[in-house]
Amino acid sequence: MNANGNMSPAEKAKAFDMAQHEMEYRVDLFNRMTSACFSKCMDTRYKDGDLNVGENSCVDRCSAKYWQVTGIVGATIHT
């Protein structure tokens, strides 16, 4: 970064590449969480168009635990 706070073309390209990799990681993480929680919480005999109370609660707990574990693992790796 120069004195004016502007990034060089190489720095911009590197920042864009890092942002792109971060986005790909987040999308993959979300897709894996969705798949894991769906297979754990959803009944394969679809009776309603909406989630029932048990499914809704399960998905809520599953996704919260998934993000919590992901945060713990990320913090452990980065220290």
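Structure report, in brief. What you are looking at is a predicted structure, and each value in this text was computed from that prediction instead of being measured. (Residues numbered from 1 in each chain as written. Predicted model: local features only at pLDDT ≥ 70, side-chain atom pairs only at ≥ 80, totals over all residues. Heavy atoms only, no water.)

1. Describing the pattern of salt bridges
So the rule is basically this: The salt bridge criterion pairs a side-chain nitrogen of Lys or Arg with a carboxyl oxygen of Asp or Glu, the two atoms within 4 Å. Secondary structure counts use DSSP, requiring at least four H or I residues in a row for a helix and at least two E residues in a row for a strand, with both numbered from the N terminus. A simple rule labels every residue: compare its accessible area, found with a 1.4 Å probe on the protein chains alone, to the largest value its type can have, and call it buried under 20%, exposed over 50%, or partly exposed in between.
Tallied over the entire structure, the rule returns 3 salt bridges. Arginine 32 is the partner of aspartate 28 in a salt bridge, and the nearest nitrogen-oxygen pair spans 3.0 Å. In this pair, aspartate 28 and arginine 32 both sit in helix 1 (residues 9-41), 4 residues apart, roughly one turn of the helix. For aspartate 28, a relative accessible area of 39% translates into the label partly exposed.

2. Remarks on helix 2 (residues 53-78)
Condition: A helix's residues, less one, multiplied by 1.5 Å, set its expected span. It only takes one pair of heavy atoms within 4.5 Å for two residues to be counted as in contact. We call two N or O atoms a polar contact when they sit within 3.5 Å, provided that within protein one can donate a hydrogen and the other can accept it, with sequence-adjacent residues counted only if both atoms are side-chain atoms.
Here helix 2 spans 38 Å end to end across 26 residues, near enough to the 38 Å set by a 1.5 Å rise per residue. Looking at helix 2, one finds that the buried residues are Glu55, Cys58, Cys62 and Ser63. Looking at the buried side of helix 2, the elements it contacts are helix 1. A side-chain oxygen of the first residue of helix 2 lies 3.0 Å from the backbone nitrogen of glycine 54; this N-cap is asparagine 52.

3. Describing the nonpolar core
Selection criterion: Put simply, a nonpolar core is a bunch of buried Ala, Val, Leu, Ile, Met, Phe, Trp, Tyr and Cys residues held in one set by side-chain atoms that sit within 4.5 Å of each other.
Residues Met33, Cys37, Cys41, Met42, Cys58 and Cys62 constitute the largest nonpolar core, which totals 6 residues. Only helix 1 and helix 2 provide two or more residues apiece to this core. In this structure cysteine 37 touches Met42, Cys62 and Ser63, once residues within four positions along its chain are discounted.

4. Side note on the environment of glycine 5
Inspection of the secondary structure assignment puts glycine 5 in the segment before helix 1. In this structure, the C-alpha to C-alpha distance between glycine 5 and aspartate 60, residues 55 residues apart in sequence, is 43 Å.

5. Here's the deal with the packing of helix 1 against helix 2
Note the cut-off: Axis lines are fitted through C-alpha atoms, for helices just across the contact stretch, and the angle between N-to-C directions can take any value from 0 to 180 degrees. Each angle gets one of four labels, with under 35 degrees taken as roughly parallel, over 145 as roughly antiparallel, 65 to 115 as roughly perpendicular, and the rest as oblique. Crossing handedness is read from the near helix: turned anticlockwise from the far helix by less than a right angle, it gives a left-handed crossing, and turned clockwise, a right-handed one.
At a closest axis distance of 9 Å, the pairing of helix 1 and helix 2 adopts a crossing angle of 140°. For the element pair helix 1 / helix 2, the angle class is oblique. Where helix 1 crosses over helix 2, the handedness of that crossing is right-handed. On helix 2, the residues touching Tyr25, Leu29, Arg32, Met33, Ala36, Cys37, Lys40 and Cys41 of helix 1 are Glu55, Cys58, Val59, Cys62, Ser63, Tyr66, Trp67 and Thr70.

6. Brief notes about the state of the cysteines
Defined as follows: Cysteine sulfur atoms are paired as a disulfide whenever they fall within 2.5 Å.
Counted according to the given criterion, the structure contains 2 disulfides. One disulfide in the model links cysteine 37 with cysteine 62; its S-S distance is 2.0 Å. When the S-S torsion is -90°, as for the bridge of cysteine 37 with cysteine 62, the disulfide is left-handed. Of the two residues, cysteine 37 sits in helix 1 while cysteine 62 sits in helix 2, which places them 25 residues apart along the sequence.

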